[in-house]
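Next come the chains, spelled out residue by residue.
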Amino acid sequence: LEYRFATLLETGPARTDYLRGLPESPLPLHLRRAALERIPPASRLHPHALWELARIARLEGRRSDFTHFLQQLSALPGPNGRRAGALLGYLRESSAPDSAISRYESLLFEQQNGVQAEFSRTRLQGLRKRAP
């Protein structure tokens with residue numbers, strides 16, 4: 001259902017590239033990545049493409065690209081940005097718990113309800129209990 005909604009956001013080459021980049025596409029991983037990278041930042045599909053690019057980077061084991069795509073995405077408004085922000089907070093919990101707490105708090109200031117808000121609230125409570 002999410003993919004159907006995303007394809008309604010755009011027409012033309014950006015939509016075609018997005019569809020080629022989806023996990024269900026029969027194309028190999030490097031061609032899926034290349035198709036998603038062609039989606040321009042002005043496209044309404046760009047946040048969705050960044051999420052898929054982050055997933056591909058993780059599958060390929062490119063950790064720095066994975067976090068780079070998540071950081072780009074977390075700067076954008078909307079559900080994909082909040083999801084990326086929550087994931088970045090989770091990734092920072094062990095190495096920089098203060099940074100993770102800050103990220104979770106900012107996500108909760110943006111939105112109080114929803115999956116990312118509940119995730120952030122639960123993780124934030126756990127981090128605060130562990131803090132000395």
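Residues numbered from 1 in each chain as written. Predicted model: local features only at pLDDT ≥ 70, side-chain atom pairs only at ≥ 80, totals over all residues. Heavy atoms only, no water.

Engineer: What exactly am I supposed to notice about the packing of helix α6 (residues 79-92) against helix α7 (residues 97-110) here?
Structural biologist: The relative placement of two packed helices comes down to the angle between their axes together with the axis-to-axis distance. For the pair α6 and α7, the least separation of the axes is 8 Å and the interaxial angle reads 160 degrees. Taken together, the axis directions place α6 and α7 in an arrangement best described as roughly antiparallel. The two elements α6 and α7 meet at a crossing, and its hand is left-handed. Seen from α6, the contacting residues are Arg82, Gly85, Ala86, Leu88, Gly89, Tyr90 and Arg92; seen from α7, they are Pro97, Ser99, Ala100, Arg103, Tyr104, Leu107 and Glu110. A per-class count over the contact of α6 with α7 returns seven nonpolar, three polar and four charged. (Axes fitted to C-alpha atoms, helices over the stretch in contact; angles between N-to-C directions. Helix = DSSP H or I, 4+ residues; strand = E, 2+ residues; numbered from the N terminus. Parallel < 35°, antiparallel > 145°, perpendicular 65-115°, else oblique. Left-handed = near helix turned anticlockwise from the far one by under 90°. Contact = heavy atoms within 4.5 Å. Nonpolar A, V, L, I, M, F, W, Y, C, P; charged D, E, K, R; others polar.)

Engineer: Sorry, what's going on with the environment of Glu52 here?
Structural biologist: Considering the arrangement of structural elements, one finds Glu52 in helix α4 (residues 46-60). Overall, the relative accessible area of 4% leaves Glu52 in the buried class. Once the C-alpha coordinates of Glu52 and Ala34 are considered, the two residues, 18 residues apart in sequence, prove to be 11 Å apart. (Buried < 20%, exposed > 50% of the residue type's maximum accessible area, 1.4 Å probe, protein only.)

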